[in-house]
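What follows is the residue order along each chain.
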Amino acid sequence: MAACDINAQADRAMSNDPGTEYAPQMYNSIPYESLKQEEANKYNPGGLNMRVPARNTIARGKMAFVDHTADSSNMDVMGAGLVNPIRPNETVLEEGKILYNRMCSACHGEGGAGDGLVAPKFKGVANLTSGAIKAKPIGHIYQVITKGKGRMMPHNTQVNPEERWKIAMYVKQVIQGEGAPAESVDQAGSADKTNASTDQNTNPVTGTSAPAPGSTESTNPVKK
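Everything numeric in this text was worked out from a predicted model, so none of it was measured.

*Asks:* Any chance you could explain the nonpolar core here in plain terms?
*Replies:* Taken as a class, soluble globular proteins show a tendency for nonpolar side chains to be buried jointly. If you look at the biggest cluster of nonpolar residues, it comprises 14 residues, and the most contacted ones within it are Y100, I167 and V171. The element contributing the most residues to this core is helix α7 (residues 161–175), with five residues. Excluding residues that lie within four positions of it along the chain, V171 makes contacts with Y100, L128, I141 and Q176. If you look at the next biggest cluster of nonpolar residues, it comprises seven residues, including L82, L93, Y142 and W165.

*Asks:* Looking at this structure, how should I read the environment of Q173?
*Replies:* For Q173, the location among the structural elements is in helix α7. In this structure the C-alpha to C-alpha distance between Q173 and P88, which are 85 residues apart in sequence, comes to 9.1 Å.

*Asks:* How should the layout of surface pockets be read in this particular structure?
*Replies:* Rolled over the atoms, a probe as big as a water molecule pinpoints where empty space is left. Looking at the largest pocket, its volume works out to about 640 Å³. Around the largest pocket sit 26 residues that line it, and H108, A126, V144, K149 and M152 are the ones nearest its centre. Taken together, the elements giving at least two residues each to the lining of the largest pocket come down to α3 (90–103), α4 (105–108), α6 (138–147) and α7. If you tally residues by element for the lining of the largest pocket, the top one is α6, at four residues. Taken together, the residues of the lining of the largest pocket break down into 17 nonpolar, five polar and four charged.

*Asks:* Got a minute to help me understand the packing of aromatic side chains in this structure?
*Replies:* In this description, an aromatic ring pair is defined by two values, namely the gap between the centres and the angle between the planes. Within the structure shown, the criterion is met by three aromatic pairs. Taken together, a centroid distance of 6.2 Å and an interplanar angle of 80° make the contact between Y32 and Y43 edge-to-face. Separated by eleven residues along the polypeptide, Y32 in the loop between α1 (12–15) and α2 (75–80) and Y43 in the loop between α1 and α2 bring together distant segments of the chain. By relative accessible area, Y32 is classed as partly exposed at 40%. Here Y142 and W165 contribute two aromatic rings whose centre-to-centre distance is 4.2 Å and whose plane-to-plane angle is 20°, an arrangement assigned as stacked.

Definitions and limits used
Residues numbered from 1 in each chain as written. Predicted model: local features only at pLDDT ≥ 70, side-chain atom pairs only at ≥ 80, totals over all residues. Heavy atoms only, no water. Core = buried A, V, L, I, M, F, W, Y, C linked by side-chain atoms within 4.5 Å. Buried < 20%, exposed > 50% of the residue type's maximum accessible area, 1.4 Å probe, protein only. Helix = DSSP H or I, 4+ residues; strand = E, 2+ residues; numbered from the N terminus. Contact = heavy atoms within 4.5 Å. 1 Å grid on protein atoms, 1.4 Å probe; cavity = no way out; pocket = protein on both sides within 12 Å on 5 of 7 lines; lining within 4 Å. Points joined across faces, edges and corners; volume = space filled by probe spheres on them. Nonpolar A, V, L, I, M, F, W, Y, C, P; charged D, E, K, R; others polar. Phe/Tyr/Trp six-rings, centres within 6.5 Å; stacked < 30°, edge-to-face > 60°.

What follows is the structure, encoded as structure tokens:
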């Protein structure tokens, strides 16, 4: 009973004492670890192991995720100046559908009506089939995915630029019913493969491609 009678307010240090640690060097790292803080770091400001990245720097491998367009709150102006570098075809639209269902349908719904499963919690989810949004250019959808709008947070760290265009094309041509342009299909009727994705998506978050023929290993690093 005496051992359990510790007044946390009077002796906070004692109340937080875990007692004797057996072989602490086995689980407490001697070198500094950025994601673990055992004691104050005497070399870094504030005593923390983690440090704020230097200004105007980009994380390795994230150059494609950076949005280089002018910073503006007017999505219409920003979107109007963007040019879609990917030509639509059946393959691209199918990949756009997969990405949309994975990243967007929870809020916007499978048909884009703003009736996704979590839409009741986040009020004001946009109806992508409304006349107002149908009138927007495809660059507007791309820019909203990149920078967010209203209660929708930016998704530029979750889907790379190529994937944003594929989602935007799927929304415009399938959900909003514009259909694929005639020039996206050649004279033989086969889908245009220009700028189509390769058979391996290296994005660790949204990798969706199938493994190479004869391989049983997933190409998505998250699923390995």
